[in-house]
2 protein chains.
Amino acid sequence: MTLCDVPAVPELHPVLAERFSPVRFDTSATVTTNHVDALLEAARRAPSAGNSQPWKFIVARRGDTNHAQIVRYLARSSAQWAPGASLLVVNLAHVRVEGTEDWEFSEFARYDLGQAVAHMTIQGLAMGLDAHQFRAFDREGIAAEFAVPSHWEATSMTAFGTAAHAAGEIVAPGTSRDRESLDDITWARN
Amino acid sequence: MTLCDVPAVPELHPVLAERFSPVRFDTSATVTTNHVDALLEAARRAPSAGNSQPWKFIVARRGDTNHAQIVRYLARSSAQWAPGASLLVVNLAHVRVEGTEDWEFSEFARYDLGQAVAHMTIQGLAMGLDAHQFRAFDREGIAAEFAVPSHWEATSMTAFGTAAHAAGEIVAPGTSRDRESLDDITWARN
């Protein structure tokens, strides 16, 4: 495994320590095709249950036609900030077996999509791109607009770009950046 | 954002490109308390819907009492390799509101757990630890053994350690390392 900066004493990687979800992006920043390819490649290589790869993505750079299609389906809250990001990605989960109403494709469809999106956002951070995932959009509207079949779900969106504020300087209404302690999240440990 | 090695042309980070899920670990490799702390810290800082943090972890190092408790509940397939890893982590999702039978805690509980585990495994890679997530264990048995309440689910486990083989040299039976192409996972792109 090629590594970057393995510390003598294990410590949290700065990319993971310093990440936050911006609620204002630099509206002049852009991403290249290479950025988009690298983000998709990170998701493509993520692990999944039985290598089922229950994910697909709709990719839209600010100013392109996909972007114009997507922003129409943002909720009022996300419409205030998400269109200013350099890139919007709609994250699709393969939730049902095609042609069935209630046959789950994989019990890990959303878990695996979460992992793939995490790999994508960490790849973004490694390229200097901040990310904010959100749910405030019209799932059915997006699905219809892009002819997403009913056995796939438009689970979440990610806005990628350059944060226009520091961590904690602005926080989305109704949310908090507070975290439980290490003890809180540890159910058992010797 | 502090970065390590931002390339001139964006490219996939080597940690993400070279990762794989080993099916044999170096049974002499160990991890320190600092490793465990850094892994938990990576999960703790992961993003989640409305900052709901729907995750907890049972941590067991090879040789400790938690480890002995966990390995009794591995399925035959995972029992062949997982006990040899340096560390086993049981990943718990907050799936229901306490005291209810069918009131979902968050529609993103498993998605968010997948993200937190991804952050944990990438932190592991940054410290030189390989990881293999799996489902082949007795969920109810583990939950009973560690008195996990019924509104939490023992969703998955992660084995962390030092791979004892190269990527692709050994593949778990019934699985494949093949990936869909970038085009396959891209539903729409301009």
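Just so it is clear, the structure is predicted and the values come from calculations on it, not from any experiment.

Peer 1: Would you mind going over the nonpolar core with me for this structure?
Peer 2: Counting residues in each nonpolar core, the largest one holds 108 residues, and the members touching the most others are A:Ala43 and B:Ala43. Among all residues touching A:Ala43, those that are not within four sequence positions of it are A:Trp55, A:Phe57, A:Ala116, A:Val117, A:His119, A:Met120 and B:Ile185.

Peer 1: Sorry if this is basic, but what is going on with the sheet that holds strand S2 (residues 87-94) of chain A here?
Peer 2: In a beta sheet, neighbouring strands are held together by backbone hydrogen bonds and run either parallel or antiparallel to one another. Strand order in the open sheet made by the 5 strands is S3(A)-S4(A)-S2(A)-S1(A)-S5(B), with mixed pairing throughout. Bordering the open sheet on either side are strand S3 (130-134) of chain A together with strand S5 (186-189) of chain B, each of which pairs with just one other strand. Shown here is a sheet whose adjacent strand axes are inclined to one another by a mean of 20°, direction ignored. Pairing of strand S1 (residues 55-61) of chain A with S5(B), which is carried by 3 bridges, proceeds in the parallel orientation. Bridge pairing links A:Phe57 to B:Thr186 in S5(B). Contacting S1, S2, S3 and strand S4 (152-161) of chain A, helix H5 (residues 109-126) of chain A runs over the sheet at an angle of about 15° to S4(A).

Peer 1: Help me understand the interface of chain B and chain A in this model?
Peer 2: Accessible area lost upon the coming together of the parts serves often as the stated size of an interface. The partner chain A presents 74 residues to the 74 residues of chain B that form the contact. Tallied by class, residues from the side of chain B that touches chain A come to 36 nonpolar, 22 polar and 16 charged. Pairing of strand S5 (residues 186-188) of chain A with strand S1 (residues 55-61) of chain B, which is carried by 2 bridges, proceeds in the parallel orientation. Along S1(B), the bridge assignment pairs A:Thr186 with B:Phe57.

Peer 1: Hey, could you run me through helix H5 (residues 109-126) of chain B in this one?
Peer 2: One turn of an α-helix holds 3.6 residues; hence residues three or four places apart share an orientation. All names here are of chain B. Over its 18 residues, H5 extends 26 Å from the first C-alpha to the last, a length consistent with the 26 Å expected when each residue adds 1.5 Å. Buried residues dominate H5, accounting for 18 of its 18 residues. Two residues or fewer after H5 comes Gly 128, characterised by a positive phi angle close to 90°.

Analysis parameters
- Residues numbered from 1 in each chain as written.
- Chains lettered and ligands numbered in written order.
- Predicted model: local features only at pLDDT ≥ 70, side-chain atom pairs only at ≥ 80, totals over all residues.
- Core = buried A, V, L, I, M, F, W, Y, C linked by C-beta atoms within 7 Å.
- Buried ≥ 20, exposed ≤ 12 C-beta atoms within 10 Å, placed from the backbone.
- Contact = placed C-beta atoms within 7 Å.
- Pairing = 2+ DSSP bridges.
- Helix = DSSP H or I, 4+ residues; strand = E, 2+ residues; numbered from the N terminus.
- Axes fitted to C-alpha atoms, helices over the stretch in contact; angles between N-to-C directions.
- Nonpolar A, V, L, I, M, F, W, Y, C, P; charged D, E, K, R; others polar.
- Expected span 1.5 Å × (residues − 1).

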